[in-house]
Amino acid sequence: MLIVNLGIFVAFLFLLSVLYKRTQKLGQTVFIGLLLGLGFGILLQTLYDKAVIDPTLDWINLVGNGYVRLLQMIVMPLVFVSILSAMTRLKEANSLGKISFSVLSVLLVTTAIAAAIGIAMSYLFDLTAQGLVVGERELAAQAKVAGRVDQVSNLSVPAMLLSFIPKNPFLELTGANPTSIISTVIFSGFLGFAALSLGKEDKNLGERIAQGVDTLNKLIMRLVRFVIRLTPYGVFALMIKMAATSKWADIINLGNFIVASYLAIGLMFVVHGILLFVAKINPLDYYKKVLPTLSFAFTSRSSAATLPLNIETQTNKLGNDNVIANFSATFGATIGQNGCAGIYPAMLAVMVAPTVGIDPFSFSYILTLILVVAISSFGIAGVGGGATFAAIVVLSTLNLPIELVGLLISIEPLIDMGRTALNVNGAMVAGTLSNKWLK
């Protein structure tokens, strides 16, 4: 059966290849790949047992995980070179402050809105921590969560800010630390300032530096486009794995939480659209252009791996300035994540509050929770780990028990797909709005 399954998999890859060559529409092909992967994955789970599914997925993962690795391979070179290239073309260095302030403001404000929506969904669906099933996976997850609490408890704001400053830029370029992306941005920014300074002293030297950096940037971007063309096949393979390994019993048991989460995520996409509309940007046109990027974020569950697609979409499809696209994509991958650091921790804080005698829908608690979520979303960049760390930080700050984080482990991957797509969209919206406002 393994040979048959792989034969069908290869046939679908060939079909996607033919579709893309004929249409030359990446977004449409990615969406078709997503649907085919979902159908094939459900078929595998329905027809076979674990003994057949596991070896099949081992081979399918060569395509899915291989594509993710290729994107991870180009993340750091892309961030480093593209920001350095953009810096060398800046006329005024002080414009960086305006860009950073605009991008971070949008990210933090939208995260606060996302927290409010998460609270509202918890109220509408009457979500509670009572009655959650505790199995072996949940107990193991609880132990893992407890082990991470020490990392969070030792994190202070000064320590977090200090961790952003690279002490070994070559190590940061390997992505060795949770803050490597921001550290690489800072290092390339300092190099850019140095290039601008040299250009003022010697115009010819400045132009030669700018030309050299621009040449390297074009080379990296060509590599990025080669990898991005593989997106339909990567999404197809990743979707198969998700559909074939999801436990439908867990999904049914925690159905209310899943529905509430996705309704909150959907409403936040609407909020993003309203913000674009107010800024006189057509939301429908925007979403058509970003669909392939959101599809990959949905299936890969990685904001960092989506960085190359994020930057490429902003610059080539949305027409955003190169500097703004890079800053919004890199900041959005680690700071102010609307899904992982906004909706999710807010919902958990509402669910767990009654267990310690707190009314989660009192005005003072809601206001405190929204502020804590917004501020904590900035601090998540210091530890990495996405939604899990965000939830631990928020619950610990409010002196709430953190066991609930482990109890939801069975449905974590399913919800995480929607959260990641929302995180990436938040970053692109921040870049698009900043590009509009700063002209």
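Residues numbered from 1 in each chain as written. Predicted model: local features only at pLDDT ≥ 70, side-chain atom pairs only at ≥ 80, totals over all residues. Heavy atoms only, no water.

Below, the discussion takes up the overall build of the protein chain. The number of helices and strands found in the protein chain is 20 helices and zero strands. Looking at the protein chain as a whole, 54% of its 439 residues qualify as buried. For the protein chain, the accessible area works out to roughly 19,700 Å², and carbon and sulfur atoms hold 66% of it. (Helix = DSSP H or I, 4+ residues; strand = E, 2+ residues; numbered from the N terminus. Buried < 20%, exposed > 50% of the residue type's maximum accessible area, 1.4 Å probe, protein only. Areas by Shrake-Rupley, 256 points an atom, 1.4 Å probe, with all protein chains shown as cover.)

Topologically, Leu 267 is positioned in helix α12 (residues 255-278). For Leu 267 and Gly 118, which are 149 residues apart along the polypeptide, the C-alpha to C-alpha distance reads 9.7 Å.

Moving on, we get to the packing of helix α14 (residues 307-317) against helix α20 (residues 412-438). It is the contact of α14 with α20, at a shortest axis distance of 11 Å, that shows an interaxial angle of 30 degrees. As summarised for this structure, α14 and α20 are arranged roughly parallel, according to the angle between their axes. Of the two possible hands of crossing, α14 and α20 adopt the one that is right-handed. Mapping the contact onto sequence places Asn 310, Thr 313 and Gln 314 in α14 and Val 424, Ala 427, Met 428, Gly 431 and Thr 432 in α20. Among the residues making up the contact of α14 with α20, the classes are represented as three nonpolar, five polar and no charged. (Axes fitted to C-alpha atoms, helices over the stretch in contact; angles between N-to-C directions. Parallel < 35°, antiparallel > 145°, perpendicular 65-115°, else oblique. Left-handed = near helix turned anticlockwise from the far one by under 90°. Contact = heavy atoms within 4.5 Å. Nonpolar A, V, L, I, M, F, W, Y, C, P; charged D, E, K, R; others polar.)

Time to look at the packing of aromatic side chains. The description of two aromatic rings rests on the distance between their centres and on the angle between their planes. This structure, assessed with the given rule, holds 10 aromatic pairs. Ring centres of Phe 257 and Tyr 344 lie 6.5 Å apart, and the angle between their planes is 75 degrees; on these two criteria the pair is classed as edge-to-face. Placement of the pair is Phe 257 in helix α12 and Tyr 344 in helix α16 (residues 339-352), with a sequence separation of 87 residues. This pair shows no difference in class: Phe 257 is buried, exactly as Tyr 344 is. With a centroid separation of 5.1 Å and an interplanar angle of 75 degrees, the aromatic rings of Tyr 286 and Tyr 287 are classed as edge-to-face. Tyr 286 sits in the buried class, given a relative accessible area of 1%. Here the aromatic cluster, defined as three or more aromatic residues joined through ring pairs, consists of Phe 9, Phe 12, Phe 40 and Phe 236. Here the basic side chain of Arg 419 rests over the ring of Tyr 344, its NZ or CZ set 4.3 Å away from the ring centre. (Phe/Tyr/Trp six-rings, centres within 6.5 Å; stacked < 30°, edge-to-face > 60°. Lys NZ or Arg CZ within 6 Å of the ring centre and 35° of its normal.)

One finds Phe 257, Phe 296, Leu 307, Phe 327 and Ile 343 to be the most contacted residues of the largest nonpolar core, which totals 91 residues. Broken down by element, this core gets its largest block of residues, 14 residues, from helix α3 (residues 50-88). Excluding residues within four positions of it along the chain, Phe 296 makes contact with Tyr 67, Val 68, Leu 71, Thr 231, Val 235, Leu 238, Arg 301, Ala 305, Thr 306 and Leu 309. Of all hydrophobic cores here, the second largest spans 19 residues; its members include Val 352, Ala 353, Leu 395 and Leu 398. (Core = buried A, V, L, I, M, F, W, Y, C linked by side-chain atoms within 4.5 Å.)

Notably, Gln 24 is not glycine yet its phi reads approximately 55 degrees, a positive angle. Mapping Gln 24 onto the fold places it in the loop between α1 (2-23) and α2 (26-47).

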